[in-house]
Amino acid sequence: MIVVAEDWLSRFFEMMTVSGRLDLRCSYGASWRIDQRPGKIGEIPYHAVIAGSAVLDGQAGSPPLGLKAGDILVLPGNPHHVLHDGGGKEPTQAVNRSSYGITISENVGTGERLDMLCGRFVIRQPYDRLLARYLPPRLVVRAGAQGAGSGRSNTAAQLGNLVTWMRSEATGSQIGGVAILNALSAALFTLTMRLASEANDAPAGLLSIAQHSSLAPALTALFGEPARSWSLPELSRLCNMSRATFVRRFQEKLGRSARDLLTEVRMTLAANELRKPSMSTGAVADSVGYQSEAAFQRAFKSYMGVTPAEWRRLQMRTKRNGEGVAAALDGWQAPADQG
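Residues numbered from 1 in each chain as written. Predicted model: local features only at pLDDT ≥ 70, side-chain atom pairs only at ≥ 80, totals over all residues. Heavy atoms only, no water.

### Things to note about the packing of helix α6 (residues 216–224) against helix α9 (residues 258–273)
- At their nearest, the axes of α6 and α9 sit 9 Å apart, and the two run at 30 degrees to each other. In terms of axis orientation, α6 runs roughly parallel to α9. As for the relative orientation of α6 and α9, their crossing is right-handed in sense. Counted together, L219, L222 and F223 of α6 and A258, L261, L262 and V265 of α9 form the full contact between these two elements.
- For the contact of α6 with α9, a count of residues per class yields 7 nonpolar, no polar and no charged. (Axes fitted to C-alpha atoms, helices over the stretch in contact; angles between N-to-C directions. Helix = DSSP H or I, 4+ residues; strand = E, 2+ residues; numbered from the N terminus. Parallel < 35°, antiparallel > 145°, perpendicular 65-115°, else oblique. Left-handed = near helix turned anticlockwise from the far one by under 90°. Contact = heavy atoms within 4.5 Å. Nonpolar A, V, L, I, M, F, W, Y, C, P; charged D, E, K, R; others polar.)

### Describing the pattern of salt bridges
- What the rule picks out here adds up to 13 salt bridges.
- For E106, the salt bridge is made with R97, and the minimal N-O distance between the two is 3.1 Å.
- In this structure, the salt-bridge partner of R167 is D115, at a minimum N-O distance of 2.7 Å. Linking R167 in helix α3 (residues 154–169) with D115 in strand β10 (residues 110–123), this pair joins segments that are 52 residues apart in sequence.
- You can call R167 partly exposed: its relative accessible area is 31%. (Salt bridge = Lys/Arg side-chain N within 4 Å of Asp/Glu carboxyl O. Buried < 20%, exposed > 50% of the residue type's maximum accessible area, 1.4 Å probe, protein only.)

### Description of the nonpolar core
- Within the largest apolar cluster, 75 residues are counted, with the highest numbers of intra-cluster contacts made by F121, L188, F246, F250, L261 and F296.
- Those residues in contact with F121 that sit more than four places away from it in its chain are V18, S19, G20, G42, E43, I44, Y46, V74, S185, L188 and F189.
- Among the nonpolar cores identified, the runner-up in size contains 16 residues, and C26, I34, L73 and C118 belong to it. (Core = buried A, V, L, I, M, F, W, Y, C linked by side-chain atoms within 4.5 Å.)

### Overview of the pairing of strand β3 (residues 43–51)
- For β3, a buried count of 7 out of 9 residues is recorded, marking the element as mostly surrounded by other parts of the structure.
- Relative to strand β6 (residues 71–74), β3 is paired through 3 bridges, and the arrangement is antiparallel. If you follow H47 over to β6, its bridge partner there is L73. (Pairing = 2+ DSSP bridges.)

### Remarks on unusual backbone geometry
- Residue S31 is reached from A30 by a cis peptide bond, and omega for that bond is 0 degrees.
- With respect to the helices, strands and loops of the structure, S31 is situated in the loop between β1 (18–30) and β2 (33–36).
- A positive phi angle, near 55 degrees, is found at N78, a position not held by glycine.
- Note that N78 resides in the loop between β6 and β7 (81–84).
- Of note, N240 is a non-glycine position whose phi angle comes to about 55 degrees, a positive value.
- Its place among the elements puts N240 in the loop between α7 (232–238) and α8 (243–254).
- What makes N240 exposed here is its relative accessible area of 75%.

### Quick look at the packing of aromatic side chains
- One pass over the structure, following the stated rule, counts 6 aromatic pairs.
- Judged by centre distance (5.8 Å) and plane angle (35 degrees), the ring pair of Y28 and W32 falls under tilted. An identical accessibility class is assigned to Y28 and W32; each is buried.
- Aromatic side chains Y46 and F121 sit 4.6 Å apart centroid to centroid with 25 degrees between the ring planes, which places their arrangement in the stacked category. With Y46 in strand β3 and F121 in strand β10, the pair connects residues that are 75 residues apart, well separated along the chain.
- The class for F121 is buried, based on a relative accessible area of 0%. (Phe/Tyr/Trp six-rings, centres within 6.5 Å; stacked < 30°, edge-to-face > 60°.)

### As for the environment of F246
- With respect to the secondary-structure elements, F246 resides in helix α8.
- Each C-alpha atom, one on F246 and one on A258, is 9.4 Å from the other, the two residues being 12 residues apart in sequence.
- Not counting chain neighbours up to four residues away, the residues in contact with F246 comprise L215, A218, L232, L235, S236, C239, M241 and A258.

### Quick look at the confidence of the model for the protein
- With 86% of its residues at a pLDDT of 70 or more, the protein shows a mean pLDDT of 84.
- Per-element confidence in the protein is highest for strand β4 (residues 53–56), whose mean pLDDT is 96, and lowest for helix α13 (residues 325–328), whose mean pLDDT is 44.
- This stretch, residues 146–150, has a pLDDT under 50; its non-local contacts, to residues over four places away or in other chains, come to 1 contact. (pLDDT = per-residue confidence, 0-100.)

### Side note on helix α11 (residues 293–304)
- Relative to the 16 Å expected for 12 residues at 1.5 Å per residue, α11 spans 16 Å between its end C-alpha atoms, a close match to the ideal helical length.
- Those residues of α11 that fall on the buried side of the exposure criterion are F296, F300, Y303 and M304. Taken down its axis, α11 places every buried residue within 80 degrees of arc, on the same side. Exposed residues lying more than 90 degrees from the buried face of α11 are R298 and S302. (Expected span 1.5 Å × (residues − 1). Arc of directions from axis to C-beta.)

Here you go:
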């Protein structure tokens, strides 16, 4: 049974564990500047502007980006990035203080004050690869109510309310605030992706495919029944297109083929199943659509850079030693993206 079209995002997040962490609450007057280095592998920084405005410096040929209250910036590429007030003056010295485990950064600058939450989403390896390949390097969603009126979507309202709740917890005056903020950060990621997929100008990738009504049935099919041997004629019929038109439009919107996406989904699910000691490699292969265990092993090794047995040992080591996945994978590097 194929999941309903609107729920592909739930299926997507069932495949991976996304956690969140709030690192900083900023309260700045002009002038101010944040210079943030890349995080660890699997980390995606985010910035939620509650009040005031900010400018993200241009990256990799992209122009500077203005942010206003209600905007949430997500940087799936995990780049070195700079945010500032746009005035071009030397930033006023900020002072950090910690309260109940939350870091609050403030300065004595003047004028309109920035109120912003800065944190990161953490996606465990190798599932971060799926996000990195199918999300844009930078993503902005606008959940603010200004000028939205009755046209403000329910998702935008939910996201705005969530950020308001996070701001309240980030005052650092209540015990348990850090735990609540981390849980809310994970919900923030899902709501941000949902709102981005609803936008008319959704960026290329999975979000664009989901918004493109004529291609959405194929996305639903691939996530809903990844073990099925989907053929191009079947997928094109679901989308009421000729095979050639489907192939062209899917590639244009996603940047990769439907078969590429199906392989990514299958390998991600297989990586999850291999963590279960009771599942044999053959059973895992069958569960993700491979009739031949040898073919599955070749596909998994090509995608992951290790065999299913080696991957399973890495997971057992992680569980046994209580270490993070990054530590267990020390020395392992996924094959370079050939797409």
